[in-house]
Amino acid sequence: MFPGPHVAEARAAFARALENGMSSKRAHGLGVIASFKEGWIPRRSIARWIGGCVRTVGRMIHQAKEIGLLSTARAKKHEIPPGRSEPFTCGWSHRWIIGWGQAGKAVNDAVHAARARWLVKHAAPERKPVAAATTRGGMEPSAAARPEYQRRKWTAAEIDQELERLERLNKPPPWAPDTS
């Protein structure tokens, strides 16, 4: 049922996945990853073991990360996985089960902590630092950086002059036929 040497850990991960609402096929995929201490196994191989497709495995990994049962990391360029003498030609991913090798309450605590980290990372809006410093006159830096013509007040004469200019632009030329 599980390809790796750690069948007890695989069964425990399988049971935790079912308790958290995963389907049996997805829970089986999580058990396959858990049967190895650290999962370097490709998605295609996991799909073969559970009798599903690669997309099912991808969905299982995404759901397990959301629930807090699994964490992943992409391999660095030219990184060699354990047990190999050379790097894979394609990209590969390192997967590990949250709470692997722990018992009872410690596993639940680890799962809840991972779930909280995932929620903070994906659900909280990204905050941008607020500029505390102000420039001369107490103006904010963004307002102080504007050109002079955007910051000054217009006089009544300037407004009248601008309105006349706009009116001239909208008037038809004298040689145009009268449309009224």
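Up top is the structure these notes are about.
Residues numbered from 1 in each chain as written. Predicted model: local features only at pLDDT ≥ 70, side-chain atom pairs only at ≥ 80, totals over all residues. Heavy atoms only, no water.

J.: Got a minute to help me understand the overall build of the chain in this structure?
T.: Looking only at helices and strands, the chain features eight helices and two strands. Helices and strands appear in the chain in the N-to-C order α-α-α-α-β-β-α-α-α-α. A burial count over the chain gives 26% of its 180 residues as buried. The long-range fraction of contacts in the chain, counting pairs at least 24 apart against all pairs at least 6 apart in sequence, stands at 57%. Of the roughly 12900 Å² that the chain leaves accessible, carbon and sulfur atoms contribute 56%. (Helix = DSSP H or I, 4+ residues; strand = E, 2+ residues; numbered from the N terminus. Buried < 20%, exposed > 50% of the residue type's maximum accessible area, 1.4 Å probe, protein only. Contact = heavy atoms within 4.5 Å. Areas by Shrake-Rupley, 256 points an atom, 1.4 Å probe, with all protein chains shown as cover.)

J.: Mind showing me how you'd approach the pattern of salt bridges here?
T.: Counting across every chain of the model gives one salt bridge. With a shortest N-O distance of 2.6 Å, R165 and E162 are connected by a salt bridge. Taken together, the positions of R165 and E162, both in helix α8 (residues 156-170) and three residues apart, correspond to about one turn of that helix. By relative accessible area, which is 36% here, R165 ends up partly exposed. Using a relative accessible area of 24% as the deciding quantity, one classes E162 as partly exposed. (Salt bridge = Lys/Arg side-chain N within 4 Å of Asp/Glu carboxyl O.)

J.: Looking at this model, I keep getting lost on the packing of helix α1 (residues 7-19) against helix α2 (residues 24-34). Mind explaining?
T.: A pair of packed helices can be characterised by two numbers: the angle between their axes and the separation between those axes. Packing of α1 against α2 leaves a shortest axis separation of 8 Å and a crossing angle of 150 degrees. When the axes of α1 and α2 are compared, the pair comes out roughly antiparallel. Taken as a pair, α1 and α2 cross one another with a handedness that is right-handed. Every residue of α2 that contacts α1 at E9, A10, A13, F14, A17 and L18 is listed here: S24, A27, H28, L30, G31 and A34. Class assignment of the residues belonging to the contact of α1 with α2 gives a composition of eight nonpolar, three polar and one charged. (Axes fitted to C-alpha atoms, helices over the stretch in contact; angles between N-to-C directions. Parallel < 35°, antiparallel > 145°, perpendicular 65-115°, else oblique. Left-handed = near helix turned anticlockwise from the far one by under 90°. Nonpolar A, V, L, I, M, F, W, Y, C, P; charged D, E, K, R; others polar.)

J.: Explain the environment of E158 here, please?
T.: Relative to the assigned elements, E158 resides in helix α8. A distance of 3.0 Å separates a polar side-chain atom of E158 from the backbone nitrogen of T155. (Polar contact = N/O pair within 3.5 Å; in protein donor to acceptor, adjacent residues only side chain to side chain.)

J.: Help me understand a positive patch on the surface, please; the structure alone is not making it clear to me.
T.: A cluster of basic side chains, namely R43, K65, R74 and K121, defines a positive patch on the protein surface. Tracing the backbone through its elements, the reader meets K65 in helix α4 (residues 54-67). (Patch = residues over 30% accessible without salt bridge, like charges linked within 9 Å, V, L, I, M, F, W, Y side chains within 5 Å. Lys, Arg positive; Asp, Glu negative; His and termini not counted. Charge placed at Lys NZ, Arg CZ, Asp CG, Glu CD.)

J.: Sorry if this is basic, but what is going on with the nonpolar core here?
T.: If you look at soluble globular proteins, the nonpolar side chains tend to sit buried side by side. Counting residues in hydrophobic clusters, the biggest one holds 27 residues, and the most contacted among them are L30 and L69. Discounting chain neighbours no more than four positions away, the residues touching L69 are R16, A17, N20, M22, L30, A64, W96, I97, I98 and V111. (Core = buried A, V, L, I, M, F, W, Y, C linked by side-chain atoms within 4.5 Å.)

J.: Would you take a moment to explain the pairing of strand β2 (residues 93-97) for this structure?
T.: Residues in a regular strand point their side chains to alternate faces of the sheet. When you tally the buried positions in β2, you get four out of five residues, the bulk of the element. Across five bridges, the pairing between strand β1 (residues 70-74) and β2 is antiparallel. The partner of S71 across the bridge, within β2, is W96. (Pairing = 2+ DSSP bridges.)

As far as function goes, none of this settles anything; it's purely spatial.
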